[in-house]
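Overview (structure and organization)
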Amino acid sequence: MPFYHKVGDIPRVKHTTFYKKDGKSLYREELFSSKGFSGIYSNKYHHHLPTAVKSVRPVDLHKKVDWPDAPVLYLHFYTDQKQTPGDFIRSRNVFLRNQHCSIATAHVTEDTDEFYRNAYGAEYVFVHHGSGTFLSEFGRIPFEAGDQFIIPRAVTHQFKFDSYDGDNKLFVVDSSTAWEIPNHYRNDYGQMEEHAPYCERDFKTPEYMEPHDEKGEFTVILKAGNRYFEHIVPHHPYDVAGWDGFLYPFAFNIKSFHPKVGRIHLPPPVHLVFKTQHFILCNFNPRPFDWHEDAIPAPYFHSNIDSDEVLYYVEGDFMSRKGVKEGSITLHPGGMPHGPQPGKTEASIGAKGTDEYAIMVDTYQPLIPTTNARDTMDKEYARSWLE
Ligand SMILES: [Fe+2]
C-alpha cells in the first residue's frame, strides 16, 4: 500500500509461463486487486490453486452484543474489564460499531493453527501488549508493542505471539473501506512529503518466508460482516513463492509518529495517521506543549457536529481527562460539545509537555455501543463536567 514492494521469486513478465523447480508444473498467478482492476494491486504466485476449497460451513464465533436502547451520552468504559480467553480471532470483544466500522479489543491467551481472512473489511490492529510474528501469504512481519498493522481486505493471516503467559492485548478497528495514507501527506508521485509526520522508512513490510508447499486440510476462518465461515482448504494457505505490487499488509509503530506542536493549541488533524471513506484515525504521542506565554495547552470545548469521537488510552497521563486509565475508551457523540473536565484547563496552563499515548477514531456516522460497553462503563462519566 505505501509503495511498490517485491518479495520472493516472480516471472520476468507477468501473465507468462512461470515453472516450478521441476520445470514442468506451473505456479498459479493470482491478481489481488482493489477497485476492480483500477486500484492498487499485487500479483502473487502460488504453488496451488488459490480457489481450491473442500468444504464450507457457518460457525458461530461471537455471541450477540446488541444494545438497541443504548443512550446517547458521554461514555467511558474499561476494555480490560471484558476479557474473553481465546486466540487472536475468538478473543475479540466489540464495544462500538456502525455500518462502516467496529471497534474491539482482544486479550489473546491462546495460539491457533487456523488462518483468518476478513472478506468484507480492512483491519487496523494495534498491538498494545505482546510481541511475536505476523504471518500472511505475503510473508512475515515481526511485531512488538506499539505496532499498528494495516491489513487489507481478504489477506489470509495470523498473529503468533512469542508467549501466551503474559498480557497480550490488541485494539482492532474493522473498516468497510480501505485504510489510506492521507493525500496531503503525499506528493504527486505518491512519496511521503517532507512535512508528513511519518515516512516510508517507518513502515514494516512483509519479509520473505519459505513457501509452504504442503497438502492436507487447513482451516481458514472467513469473516463476512457479522457472519463467520469455516473453509477447509486442501493446501497450506501460505504457498506463495513470490509476489510484487502495492497491495499488502504493513505495520507502523505509534512511537515512530512525529507529533507537531504550535505556538497555540493545534487541533487533532495534525495527529492524523490514516483515513477511510467513513472515519479517520489519529495518534497522540508525548510532545512539548504550546509555547505562547499565555497558552492553554488543554483543548478548548468543541462541537464536531458531524463526528463521533472515540479515544483509546494507551499509556501515560492523559492531560484533558479525569478518571481514564490505560485501556479506557471514551465516546463523545456527535451533536454534543466536549472538552476538558473541571480543573483540567487550569492545570494545563504553564505545563511543559505530556507523556500521553492515545489513539483517536473519529467517525462520520454515529456509533452504537454494545452490551460490552454497557457492562464495563464508568456510570459517573456523563456527569463528570458538573462543577
Ligand atoms: Fe475532540
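The rules behind the values
Residues numbered from 1 in each chain as written. Predicted model: local features only at pLDDT ≥ 70, side-chain atom pairs only at ≥ 80, totals over all residues. Helix = DSSP H or I, 4+ residues; strand = E, 2+ residues; numbered from the N terminus. Rg over C-alpha atoms; globule rule 2.2 N^0.38 Å. Buried ≥ 20, exposed ≤ 12 C-beta atoms within 10 Å, placed from the backbone. Contact = placed C-beta atoms within 7 Å. Core = buried A, V, L, I, M, F, W, Y, C linked by C-beta atoms within 7 Å. Domains from an automatic or database assignment. Pairing = 2+ DSSP bridges. Axes fitted to C-alpha atoms, helices over the stretch in contact; angles between N-to-C directions. Nonpolar A, V, L, I, M, F, W, Y, C, P; charged D, E, K, R; others polar.

1. Quick look at the overall build of the chain
For the chain, the helix and strand inventory stands at 2 helices and 27 strands. Computed over C-alpha atoms, the radius of gyration of the chain comes to 22 Å, within 12% of the 21 Å expected from 2.2 N^0.38 for 387 residues, which places it in the range of a compact globule. In terms of its C-alpha atoms, the chain occupies a principal-axis envelope of roughly 80 × 45 × 40 Å. Going through the 387 residues of the chain one by one, you find that 38% of them count as buried. Of all intrachain contacts in the chain linking residues separated by at least 6 positions in sequence, the fraction that spans at least 24 positions is 76%.

2. Re the nonpolar core
The biggest cluster of nonpolar side chains holds 79 residues, and the ones touching the most others in it are Ile 103, Tyr 124, Leu 281, Val 310, Tyr 312 and Ala 358. There are two domains that each give this core at least three residues, and those are domain 1 (49-62 + 85-237 + 248-254) and domain 2 (255-383).

3. Some details on the sheet that holds strand E20 (residues 272-275)
Here 6 strands make up an open sheet; going across it, the order is E5-E24-E23-E26-E21-E20 and the pairing antiparallel. Edge positions in the sheet fall to strand E5 (75-78) and E20, since each of these pairs with one other strand and no more. On average, adjacent strands in this sheet sit at an angle of 20° to one another, irrespective of strand direction. As paired strands, strand E23 (residues 308-315) and strand E26 (residues 357-363) are joined by 7 bridges and run antiparallel to one another. Its bridge partner lying in E26, Tyr 313 is registered against Ala 358.

4. Focus on the domain arrangement of the chain
Size of an interface, as often reported, equals the accessible area lost when the parts are brought together. In terms of domain boundaries, the chain breaks down into domain 1 (49-62 + 85-237 + 248-254) and domain 2 (255-383). Averaged C-alpha coordinates put domain 1 and domain 2 at centres separated by 26 Å. Contacts between domain 1 and domain 2 engage 30 residues on the former and 33 residues on the latter. Among the secondary structure elements, those contributing two or more residues to the side of domain 1 that touches domain 2 are strand E6 (92-97), strand E7 (101-107), strand E9 (122-129), strand E14 (169-175) and strand E19 (250-253). Among the elements that line the side of domain 1 that touches domain 2, the one with the most residues is E6, at 5 residues. In terms of residue class, the side of domain 1 that touches domain 2 is made up of 18 nonpolar, 9 polar and 3 charged.

5. What to know about the pairing of strand E11 (residues 139-143)
Where burial is concerned, the two faces of E11 differ: the one with Gly 139, Ile 141 and Phe 143 is buried and the one with Arg 140 and Pro 142 is not. Alignment of strand E10 (residues 132-136) against E11, held across 5 bridges, turns out to be antiparallel. The residue of E11 that forms the bridge with Phe 134 is Ile 141.

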